[in-house]
Amino acid sequence: NDAPPPPTIVVTANLAVDFRAPFREGSEAVVRVYHDGTEGRKIYFSAVLESLDGRVVFAEAKSLFVRVRLESVMGKKEKKGVEEDMKKEKQ
């Protein structure tokens with residue numbers, strides 16, 4: 001079968017954030033994101049929001065994203081618009 005695979009998108013299935021320290025207005029920070037693994041359609045990430053020097057952790061997060069068929073989450077009109085955008089990005 002030489003047909004192209006159906007278009008897919010990645011959606012958030014779960015996002016858990018643990019806030020560790022206050023983040024004051026005007027503060028600067030670094031967000032570090034880690035790809036923890038992929039199992040089939042599931043994609044796992046973790047992240048840390050920390051001070052520039054790495055001494056203060058403001059928040060930690062874990063997330064699960066799932067690749068789904070575009071048609072399962074959008075109506076026909078929305079799907080057509082997204083598919084057109086995806087074609088433009090490939091050009």
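Overview of the structure. (Residues numbered from 1 in each chain as written. Predicted model: local features only at pLDDT ≥ 70, side-chain atom pairs only at ≥ 80, totals over all residues. Heavy atoms only, no water.)

To continue, consider the sheet that holds strand β2 (residues 29-39). Overall, antiparallel pairing links the four strands, which are arranged β1-β4-β3-β2 in an open sheet. Looking at strand neighbours, the two that pair on one side only are β1 (8-19) and β2, the edges of this open sheet. Direction aside, neighbouring strands of the sheet carry axes that sit 20° apart on average. Pairing geometry for β1 and strand β4 (residues 57-69), over eleven bridges, is antiparallel. Across the sheet, the residue bridging to valine 17 is alanine 61, located in β4. (Pairing = 2+ DSSP bridges. Helix = DSSP H or I, 4+ residues; strand = E, 2+ residues; numbered from the N terminus. Axes fitted to C-alpha atoms, helices over the stretch in contact; angles between N-to-C directions.)

Once that is clear, we can look at the side chain of serine 63. The residue serine 63 is located in strand β4 in this model. Taking the relative accessible area as the measure of exposure, serine 63 reaches 12% and is therefore buried. Ignoring anything within four residues of it in the chain, the contact list for serine 63 reads Asn14, Leu15, Ile43, Tyr44 and Phe45. (Buried < 20%, exposed > 50% of the residue type's maximum accessible area, 1.4 Å probe, protein only. Contact = heavy atoms within 4.5 Å.)

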